[in-house]
Amino acid sequence: MANAASGMAVNDDCKLKFLELKAKRTHRFIIFKIDEKLKQVIVEKVGEPTMSYEDFTAALPADECRYAIYDFDFVTEENCQKSKIFFIAWSPDTSRVRSKMLYASSKDRFKRELDGIQVELQATDPTEMGLDVIRGRAT
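About the thresholds
Residues numbered from 1 in each chain as written. Predicted model: local features only at pLDDT ≥ 70, side-chain atom pairs only at ≥ 80, totals over all residues. Heavy atoms only, no water. Salt bridge = Lys/Arg side-chain N within 4 Å of Asp/Glu carboxyl O. Helix = DSSP H or I, 4+ residues; strand = E, 2+ residues; numbered from the N terminus. Pairing = 2+ DSSP bridges. Contact = heavy atoms within 4.5 Å.

(A) Seen up close, the pattern of salt bridges. Within this structure, the stated rule accounts for 14 salt bridges. Of the charged contacts in the structure, one is a salt bridge between Glu113 and Arg109, with a shortest N-O distance of 2.8 Å. Taken together, the residues Glu113 and Arg109, both in helix 3 (residues 97-113) and four residues apart, mark about one turn of the helix. Beyond isolated ion pairs, a larger network of salt bridges with shared partners links Asp12, Lys15, Arg109 and Glu113.

Encoded structure:
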């Protein structure tokens, strides 16, 4: 397992689930959390392909930091079906300062482990990652 600059390792399951989402499209989203006892990033929740964006946002804790991957499907102005893989760094204002620092210092290393992220988003409250924001960043 690779060590992050902050000392956080990345559990192999994180990379495996991301590859499944990217290559096989077996997941709509993946939520990752840092397990401070294990000192590694682990998979917390995986969303089924049929789940909506609302299901995804509801799965994020209101007052704890998380990393998330969301596979966003959309139709272009030319009527082409496309998808973009979003990396979202969820760091709500109400989360602990230590937690925000831990997630911020581990983010770049973790992202490097997931090859194929197309759009990155940092959000501190739900309005910063609303569906309209996602749609705007996808096109």
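(B) Structural context of the pairing of strand 5 (residues 81-90). Across 10 bridges, strand 4 (residues 66-75) lies against strand 5 in antiparallel orientation. Across the sheet, Asp73 pairs through a bridge with Ser83, a residue of strand 5. What sits between the antiparallel neighbours strand 4 and strand 5 is a turn of five residues, in which Asn79 has the positive phi angle 70°. Looking at chain direction, strand 5 and strand 6 (residues 119-123) are connected through five bridges and run parallel. Counted as the bridge partner of Phe86 is Val119 from strand 6.

(C) Just the environment of Glu36, in detail. By the secondary structure assignment, Glu36 is in the loop between strand 2 (29-35) and strand 3 (40-47). As for Glu36 and Met8, which are separated by 28 residues in sequence, their C-alpha atoms are 8.4 Å apart. Apart from residues lying up to four places away in sequence, Glu36 is in contact with Arg96, Arg98 and Leu102.

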